[in-house]
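Residue strings, one per chain:
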Amino acid sequence: MSESDEARLQELERQLDAAFATTRPPRGFEDQLWSRLEARRPRRRLGWPRDFPWAMAGSLAVLLVIGLVAVTLARSAGGRGGGAATSQPTTARSSTVAGGAAAPGPLAEGALPFGRLPAPARAGLVQVVSDGALSPLPAGSVRLVPAAMTPPQSGPTLPVYRYDPATGPAAGSVLEPGSLPPGLETAGYPAQPPGNAISDAAARAAATNPATQQGEVTLTQARLVYVAVVADGRGYLEPAYLFTGTEQAGGTTVPAQILLTALSISVVR
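Residue numbers run consecutively from 1 along every chain, following the written order of its sequence. Under the rules for a predicted model, residues below a pLDDT of 70 receive no local features and side-chain atom pairs below 80 are neither given nor counted, while totals for whole chains, interfaces and linings still include all residues. The side-chain figures draw on all heavy atoms in the structure; neither hydrogens nor water molecules are used.

## A short note on the overall build of the chain
Step number 1: Helices and strands together make up the secondary structure of the chain, namely four helices and nine strands.
Step number 2: Starting at the N terminus and ending at the C terminus, the chain contains elements arranged as α-α-α-β-β-β-β-β-β-α-β-β-β.
Step number 3: Taken over 269 residues, the chain has a buried fraction of 32%.
Step number 4: Contacts are assigned to residue pairs with any non-hydrogen atoms lying within 4.5 Å of each other. Within the chain, contacts between residues at least 6 apart in sequence are counted, and of these 71% link residues at least 24 apart. Numbering of helices and strands starts at the N terminus; helices are DSSP runs of H or I of at least 4 residues and strands are runs of E of at least 2. The rule is simple: take the accessible area with a 1.4 Å probe, protein chains only, and divide by the maximum for that residue type; under 20% is buried, over 50% is exposed, in between is partly exposed.

## With respect to unusual backbone geometry
Step number 1: Look at Arg122: it is not a glycine, yet its phi comes out positive at around 65°.
Step number 2: In this structure, Arg122 sits in the loop between helix H3 (54-80) and strand E1 (127-130).
Step number 3: Classification of Arg122 as partly exposed rests on a relative accessible area of 49%.

## Details of the confidence of the model for the chain
Step number 1: The pLDDT averaged across the chain works out to 75; a share of 63% of its residues lies at or above 70.
Step number 2: Ranking the elements of the chain by mean pLDDT puts H3 last, at 51, and strand E4 (residues 157-163) first, at 97.
Step number 3: Scored below 50 in pLDDT, residues 76-109 shows 39 contacts in the model against residues more than four places distant or in partner chains. For every residue, the predictor assigns a confidence score, pLDDT, that lies between 0 and 100.

## Let's talk about the side chain of Gln127
Step number 1: When you line up the elements, Gln127 lands in strand E1.
Step number 2: Look at Gln127 and you get buried, because its relative accessible area is 8%.
Step number 3: Here Gln127 is in contact with Arg122, Leu134, Ser135, Pro136, Leu137, Pro255, Ala256 and Gln257, once residues within four sequence places are set aside.

## Quick look at the packing of aromatic side chains
Step number 1: Stacked, tilted and edge-to-face pairs are distinguished by plane angle, under 30 degrees for stacked and over 60 for edge-to-face with tilted covering the rest, among Phe, Tyr and Trp rings (Trp via its six-membered ring) whose centres lie within 6.5 Å. On inspection of all chains with the given rule, the structure shows four aromatic pairs.
Step number 2: Members of the aromatic cluster, each reached through a chain of ring pairs, are Phe114, Tyr189 and Tyr236.

## Regarding the nonpolar core
Step number 1: We call a set of buried Ala, Val, Leu, Ile, Met, Phe, Trp, Tyr and Cys residues a nonpolar core when their side-chain atoms join them within 4.5 Å. Leu144, Tyr189, Phe243, Ile258 and Leu263 are the most contacted members of the largest nonpolar core, which has 31 residues in total.
Step number 2: It is helix H4 (residues 194-208) that contributes the most residues to this core, five residues altogether.
Step number 3: If we skip the residues at most four places from it in the chain, Phe243 touches Met149, Pro194, Ile198, Leu219, Gln221, Ala222, Ala256, Gln257, Ile258 and Leu260.
Step number 4: Counting residues in hydrophobic clusters, the runner-up holds eight residues, among them Leu175, Leu180, Leu184 and Tyr226.

## Some points on the pattern of salt bridges
Step number 1: When a carboxyl oxygen of Asp or Glu is within 4 Å of a side-chain nitrogen of Lys or Arg, the pair counts as a salt bridge. Counting across every chain of the model gives four salt bridges.
Step number 2: When the shortest N-O distance is used, the salt bridge between Arg143 and Glu216 registers 2.2 Å. Of this pair, Arg143 sits in strand E3 (residues 142-146) while Glu216 sits in strand E7 (residues 215-231), and the two are 73 residues apart along the sequence.
Step number 3: Judged by its relative accessible area of 22%, Glu216 falls in the partly exposed class.
Step number 4: Glu176 is the partner of Arg223 in a salt bridge, and the nearest nitrogen-oxygen pair spans 3.0 Å. Taken together, the residues Arg223 in strand E7 and Glu176 in the loop between strand E5 (174-175) and strand E6 (185-190) connect sequence positions 47 residues apart.
Step number 5: With a relative accessible area of 35%, Arg223 lands in the partly exposed category.

Here is the structure:
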């Protein structure tokens, strides 16, 4: 115990002595009390002896109060001495730049730093590679068949990057995650698993497919990429799943792909 705590205890003891001094019975009070009790109940023995040291009981009460105060002071001193501190969980938001090591934290409900994002061009539309160029196929002209593949892993959120279209990638550019330009503003957005993205796309293709289907696309690979999207004078690099495979139509087989947003549908407009 420190000198300041001892001084506080001594001062408290002096105050308690002064307070209890006014509550102690007057001299001769015990004899008068016992005489009255014995006169009223001459045949019953009371549990407390007449010579019980009542004055000592007051002192014991004072010591008990002092002990409780000392314990309280010791506990408070221990808390100030660097006891383990508890922390409340926080809702984090990423503020790193492209290429940083920190991952975006979960967002509070309804908190979208960049607002709802524009969807990538031709997202959800099957494209085939013909003569080295991509050629989009009409919606509903093919049936998607997800084959056995290992989809990319994604957490509950994925980073979205914002940039100046005058100095950044052109709209429609597809970049690998490791080749993003450094120094971009970033924020975490809710993601959807790749399995959900392809299941929804396959369901939409089946619902819009005409009775006489023209072809079939078998998807065999998937990876996470970033697509440059420009809208309202702003550029965004949005995460997407790029599924690749082959398209069969008219007895020929050609490479095909479909690009699906990796973000939750609720944050894409």
